[in-house]
Amino acid sequence: MAFSGALTLSDLNDFISPSQACIKPVEVSKTAETQGAIKVDNSGSYYEVSQDGSETKLETATISLNDCLACSGCITSAESVLVTLQSQEELYSILKQNKIAIETNDPSTHRTVVVSISPQTRASFAAKYQQTPLQVARKLTWFFKSLGVHSVFDTSFSRDLALLETGREFVERYRKAIAKGVLKPPNMNGSAASSSEAAAAAASGDMEVDTPKPRKRIIRRGAAATNDEPAVAVETESAMPMLASACPGWICYAEKTHGYMLPYISETKSPQQIMGSMVKNHFGSQLGLNPDQIYHVCVMPCYDKKLEASRSDFYSDLYKTRDVDCVITSTEVEKMFGEQGQTDMSVFGELDLDLGYNSVIKDPNTGADQVLVGASGNASGGFLEYVMQYGAREIFGIDGLDVDKAIGVEVKTVRNSDFREVTLEVPGSGEVLLKFAAAYGFRNIQNLVRKVKTGKSPYHFVEVMACPSGCINGGGQLKPPGDNFAAVPLKDWIAQVDGQYRNGVLARKPEENPVLEQLYREWLGGVDTPKAREQLRTGYHAVEQNLVNPLAVKW
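Attention in this report is confined to the structure presented alongside it. The model shown is predicted, which means the values in this text are computed figures rather than measured ones. (Residues numbered from 1 in each chain as written. Predicted model: local features only at pLDDT ≥ 70, side-chain atom pairs only at ≥ 80, totals over all residues. Heavy atoms only, no water.)

1. A closer look at the overall build of the protein chain
On a plain count of helices and strands, the protein chain comes out with 17 helices and 19 strands. Contacts spanning at least 24 positions in sequence make up 72% of the contacts within the protein chain whose residues lie at least 6 apart. Surface accessibility of the protein chain: about 26,200 Å² in total, with carbon and sulfur atoms responsible for 51%. (Helix = DSSP H or I, 4+ residues; strand = E, 2+ residues; numbered from the N terminus. Contact = heavy atoms within 4.5 Å. Areas by Shrake-Rupley, 256 points an atom, 1.4 Å probe, with all protein chains shown as cover.)

2. A short note on the sheet that holds strand β19 (residues 506-507)
Read from one edge of the open sheet, 3 strands run β13-β14-β19, paired in mixed fashion. Each edge of the open sheet carries a strand with a single partner, namely β13 (360-361) and β19. In this sheet, strand β14 (residues 371-374) lies alongside β13 in antiparallel orientation, the contact comprising 2 bridges. Directly across from V360, in β14, lies its bridge partner L372. (Pairing = 2+ DSSP bridges.)

3. Brief notes about the sheet that holds strand β17 (residues 432-440)
Sheet strands pair via backbone hydrogen bonds, and the direction of the pair is either parallel or antiparallel. Strand order in the open sheet formed by 5 strands is β8-β18-β17-β16-β15, with mixed pairing between adjacent strands. Of all strands in the sheet, those with a lone pairing partner are β8 (242-243) and β15 (410-413), marking the two edges. Pairing analysis gives 4 bridges linking β15 to strand β16 (residues 419-425), with the strands arranged antiparallel. Within the sheet, the bridge partner assigned to K412 lies in β16 and is E421. Contacts from helix α14 (residues 442-453) reach β8, β16, β17 and β18 (461-465), with the element oriented near 140° to β17. (Axes fitted to C-alpha atoms, helices over the stretch in contact; angles between N-to-C directions.)

4. A word on the side chain of R311
With respect to the helices and strands, R311 occurs in the loop between α11 (304-309) and β10 (315-316). Since its relative accessible area comes to 16%, R311 is described here as buried. Setting aside residues no more than four positions away along its own chain, R311 makes contact with I251, E255, R322, G539, Y540 and H541. (Buried < 20%, exposed > 50% of the residue type's maximum accessible area, 1.4 Å probe, protein only.)

5. Structural notes on helix α10 (residues 271-287)
Given a rise of 1.5 Å per residue, 17 residues ought to cover 24 Å, and the 22 Å separating the end C-alpha atoms of α10 matches this to within 8%. The largest bend in α10 amounts to roughly 35° and is located at V279. Among the 17 residues of α10, 13 are classified as buried, and the element is accordingly described as predominantly covered. Backbone geometry just after α10 places G288 at a positive phi near 75°. (Expected span 1.5 Å × (residues − 1). Bend = angle between axes of the 7 residues up to and from the residue.)

6. Thoughts on the packing of aromatic side chains
By convention here, two paired aromatic rings are described through the distance between centres and the angle between planes. The final tally for this structure, using the stated rule, is 19 aromatic pairs. Taken together, a centroid distance of 6.1 Å and an interplanar angle of 55° make the contact between F419 and Y459 tilted. Placement of F419 in strand β16 and of Y459 in the loop between α14 and β18 is noted, with a sequence separation of 40 residues between them. Judged by relative accessible area, which is 2%, F419 ranks as buried. Looking at Y459, the relative accessible area reads 3%, which means it is buried. In this structure an aromatic cluster arises from ring pairing among F125, Y129, W142, F143, F144, F337 and F348. Sitting over the ring of Y520, R168 keeps its end group 4.9 Å from the ring centre. (Phe/Tyr/Trp six-rings, centres within 6.5 Å; stacked < 30°, edge-to-face > 60°. Lys NZ or Arg CZ within 6 Å of the ring centre and 35° of its normal.)

7. Let's talk about a nonpolar patch on the surface
Where nonpolar side chains cluster on the molecular surface, the patch consists of I38, V40, Y46 and L58 and spans about 370 Å² of accessible area. Looking at where Y46 falls in the secondary structure, it is placed in strand β4 (residues 46-50). With a relative accessible area of 46%, Y46 lands in the partly exposed category. (Patch = residues over 30% accessible without salt bridge, like charges linked within 9 Å, V, L, I, M, F, W, Y side chains within 5 Å. Salt bridge = Lys/Arg side-chain N within 4 Å of Asp/Glu carboxyl O.)

8. Focus on unusual backbone geometry
For the bond from M240 to P241, the omega torsion is 5°, close enough to zero to count as cis. Although it is not a glycine, N105 sits at a positive phi angle of roughly 55°. By the secondary structure assignment, N105 is in the loop between α4 (88-103) and β6 (112-117). Taking the relative accessible area as the measure of exposure, N105 reaches 66% and is therefore exposed. For A406, which is not glycine, the phi dihedral falls at a positive 55°. Along the chain, A406 turns up in the loop between α13 (383-396) and β15. On the basis of relative accessible area, A406 is assigned to the partly exposed category, the value being 40%.

9. Some words on the nonpolar core
Within the largest apolar cluster, 82 residues are counted, with the highest numbers of intra-cluster contacts made by F170, Y174, L243, W250, M388 and F436. Counting residues per element, this core draws most heavily on helix α7 (residues 155-179), which supplies 10 residues. When residues no more than four places from it in sequence are discounted, the contact partners of M388 are L401, V403, V409, V422, L424, L434 and F436. Counting residues in hydrophobic clusters, the runner-up holds 28 residues, among them L140, M336, M345 and F348. (Core = buried A, V, L, I, M, F, W, Y, C linked by side-chain atoms within 4.5 Å.)

Set out below in structure tokens:
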């Protein structure tokens, strides 16, 4: 199999606009015996001309938004270099460097290597090799430590912190949106809400009530300039709906094509990047190490996580290091098995999971030493489920919701299986208190963006994921045995992986994680402190597009 060559453009700025450099590889069947030429007729159609003179019209290649996400054509050249550097080869290089440092007794070049594994990766391996997630976690711990890795952690742990912080951020935004007149206070008793009631709702907690003011106009460069301005610009602190920030494909898309959406995106870091902050700062300080003395690898279901780790926001100028030095995907880890001569994971040894940043406890039912625990919710992290439960409890004093079982909320699939709505109403009145949604895949994201831009979005919070079916179907996940989707259809395979995601994993609310309170107290100095915001939250940047006249492009 061969792929058609791509046309190269020159004299372009660092950012390549999609209209200038969208290229989709097209499979071409070639043999050594056949050669031909390409002919373009007056209509612009392409024909393949064989040696005998016969002509075959070539089909026009189409580019979908999913193709766009997988393409590196519209990331900057600097980003492209950083992403290319992130592979298992870089991990091998660090491990080799450590071995030389030990042999030569040169501690100055030795780095402590930490690997953090996502629960979606665990589920992918469990489905393919017919293991439980706990067995996979123990076998991957054995595998990486056999290579020379020092500690193996689980990003389910940092996800607890991400969920808790996202819930707090949502409540902050909701209350400020009420106080500033961005949202209308819900009618809790069936009668029209008075201005005093609205003020009381806004002032729940210790929040001060401000007189509603016009929303601040935000002018952004590039995609958000002049011709693509939103109907109404908002301040980040009160922007509604709040959009989840854990998916780097969605963040990249918003920054580079819809800059006006950025105030709506949650500022809470993803579980990957929170784990990066914890490993390089808190864990490092416990070992007496500076951030640059630790090499941190994350194993993720998605190639776009490499781009997320490369963001300048997650780089320390002081120590010249990133919070996450390298991201490798599930498929790249499986490739490492073969490179080490160990192709069958089922025969791997097993090691107990490291204590610390692992979501593991002693089984309260069987007494087993280790059992996995994690937040309830879907396989993309459970942000919708948790923020709904947290918001209902903190804002309205409503507890006992279960989104998975549709207890206390209405759950509805809209348009397609990748778009769900979850609504919390005042019992008996139909008054909507909170309306959430989950939008997976770019078709649904586009519809969401249009609604937000025109001010017609009915939602308070939306869990946004670029991949159809969410993170469990990330581009870096494993294929079924034999890579045979004919034997196991994609839909069935996704269902198998999704089923393994919670297999043997006990449900635990993030606030029930006993280590989180200790982290807030000892590492962050409290819940709402400058250090907590520095370590747990981030920002986004609209990318300026300097479009070039296509007629002036040099081919």
